[in-house]
Amino acid sequence: MLTPENTVIGFIGTGVMGKSMAGHLLKAGYPLIVYSRTKEKAKDLLDQGAQWVNNPKEVAEKSSVIFTMVGYPSDVEEVYLGSEGLIAHGKSGSYFIDMTTSSPSLAEKIYEEAKKKGIYSIDAPVSGGDIGAREAKLSIMAGGDLEAFNVVRPMLELLGTNIVYQGTAGMGQHTKMCNQIAIASNMVGVCEAIIYAEKAGLDPENVLKSISTGAAGSWSLSNLAPRMLEKNFEPGFYIKHFIKDMKIALDEAEKMGIELPGLALAKSLYEKLVEMGEENSGTQALYKNWNE
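Computed from a predicted structure; not experimentally measured.

Asker: Any chance you could break down the packing of helix 9 (residues 171–199) against helix 13 (residues 239–256) for me, citing the residues and the numbers?
Answerer: Relative orientation of the contacting elements helix 9 and helix 13 amounts to 115 degrees, with a least axis distance of 9 Å. Accordingly, the angle class assigned to the pair helix 9 and helix 13 is roughly perpendicular. Crossing of helix 9 against helix 13: the hand is left-handed. On helix 13, the residues touching His-174, Met-177, Gln-180, Ile-181, Ile-183 and Ala-184 of helix 9 are Phe-242, Asp-245, Met-246, Ile-248, Ala-249 and Glu-252. Considering only residue class, the contact of helix 9 with helix 13 consists of eight nonpolar, two polar and two charged.

This is how it looks when you write it as structure tokens:
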């Protein structure tokens, strides 16, 4: 059993979501080793007692359980499979948990390479954005060996409230693709509903009171539509990262021989925002395609 008395946790990636997630582990009493490309992003954690190291190699050498929450599959590949990465320097019996939304095929590759060194690898992407991370109410979808998942589940329960084992390596990432596919088209519908309400002369806030708890209800409608009305486009989840996710899903769909027209439309609308310089805005900035 992994307890604060016998386990040092490493955490790589202390951005919008990672910082809150790492904080929950620290508050639970686990000694915490942190690394992020920008040390300033880890300042709050360091002030609370976390220890800083300079690269993933040092995280691997000092930790027996390591969480990663980075930006892109290329970052995941470097952190795990690079010459100075986690697998090259990890200890046999360690547990690696990647919570980045990445490609299923990369998750499978990491699992196989980790297994050669006696390391347990779990892909466990999350949904819930900055709010879910801050409130420890994330939805966590996991792939890998069931036995390894059961060992680290108590730690995952410090981060989320809906934790589901989905199957073998890569299945957590496939499940996250399902999540992003559902969100993408829904975000288009949320924006269109808000724009329609405004053009019809309705009070959009009153409209949300009526529709957010009915059949149209969704997390995006309840949490992101109010931000649209407030013209608050700060990132709970970056547009640039959402586009990355949509591209992974479309690539996987192509491999499976299926078409996802709703996802393709949403991706094209978000790409217009990137052309407007909005790649670092939150996904709710999709509203700007109609209102600016």
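Asker: For the pattern of salt bridges, give the residues involved together with the corresponding values.
Answerer: Under the criterion given, the structure shown has 14 salt bridges. Across the pair Lys-19 and Asp-44 runs a salt bridge whose closest N-O atoms are separated by 3.6 Å. Highlighted residues: Lys-19 in helix 1 (residues 18–27) and Asp-44 in helix 2 (residues 43–47), separated in sequence by 25 residues. In this structure Lys-19 comes out as partly exposed when scored by relative accessible area, which is 32%. Among the charged side chains, a network of salt bridges with common partners joins Asp-130, Arg-134 and Arg-227.

Asker: So what's going on with the packing of helix 9 against helix 14 (residues 261–275)? Which residues, and what values?
Answerer: Working note: a packed helix pair is described by the angle between its axes plus the distance between those axes. The interhelical angle for the contact between helix 9 and helix 14, taken along N-to-C directions, is 65 degrees, at an axis separation of 8 Å. The handedness of the crossing between helix 9 and helix 14 comes out as left-handed. Every residue of helix 14 that contacts helix 9 at Ile-181, Ala-184, Ser-185, Met-187 and Val-188 is listed here: Gly-262, Leu-263, Ala-266, Leu-269 and Tyr-270.

Asker: Hey, could you go over the nonpolar core for me, with residue numbers and the actual values?
Answerer: Counting residues in each nonpolar core, the largest one holds 51 residues, and the members touching the most others are Met-21, Phe-67 and Met-99. Sort the elements by how many residues they give to this core and helix 8 (residues 146–156) lands first, with five residues. Those residues within four positions of Met-99 in sequence are excluded, and the remaining contacts are Met-21, Phe-67, Thr-68, Met-69, Ala-124, Pro-125, Val-126, Ile-140, Leu-156 and Leu-159. In this structure, Leu-229, Phe-233, Ile-243 and Leu-263 belong to the second largest nonpolar core, which totals 29 residues.

Asker: Hey, could you go over unusual backbone geometry for me, with residue numbers and the actual values?
Answerer: Despite not being glycine, Ala-136 has its phi angle at roughly 55 degrees, a positive value. In this fold, Ala-136 is placed in the loop between helix 7 (129–134) and strand 8 (138–143). Phi is positive for Lys-231, which is not a glycine, with a value near 55 degrees. The residue Lys-231 is located in the loop between helix 12 (225–229) and helix 13 in this model. Owing to a relative accessible area of 45%, Lys-231 belongs among the partly exposed residues under this scheme.

Asker: Go over empty space enclosed by the protein, please, and point to the residues and values.
Answerer: Across all of its chains, the model carries one cavity of 30 Å³ or more by this definition. If you add up the space inside the largest cavity, you get close to 70 Å³. Taken together, Tyr-80, Phe-96, Ile-97, Asp-98, Ala-107, Ile-110, Tyr-111, Ser-121, Ile-122, Asp-123, Ala-169 and Gln-173 make up the lining of the largest cavity. Elements with a minimum of two residues in the lining of the largest cavity: strand 5 (95–98), helix 6 (104–116) and strand 6 (120–123).

Cut-offs applied
Residues numbered from 1 in each chain as written. Predicted model: local features only at pLDDT ≥ 70, side-chain atom pairs only at ≥ 80, totals over all residues. Heavy atoms only, no water. Axes fitted to C-alpha atoms, helices over the stretch in contact; angles between N-to-C directions. Helix = DSSP H or I, 4+ residues; strand = E, 2+ residues; numbered from the N terminus. Parallel < 35°, antiparallel > 145°, perpendicular 65-115°, else oblique. Left-handed = near helix turned anticlockwise from the far one by under 90°. Contact = heavy atoms within 4.5 Å. Nonpolar A, V, L, I, M, F, W, Y, C, P; charged D, E, K, R; others polar. Salt bridge = Lys/Arg side-chain N within 4 Å of Asp/Glu carboxyl O. Buried < 20%, exposed > 50% of the residue type's maximum accessible area, 1.4 Å probe, protein only. Core = buried A, V, L, I, M, F, W, Y, C linked by side-chain atoms within 4.5 Å. 1 Å grid on protein atoms, 1.4 Å probe; cavity = no way out; pocket = protein on both sides within 12 Å on 5 of 7 lines; lining within 4 Å. Points joined across faces, edges and corners; volume = space filled by probe spheres on them.

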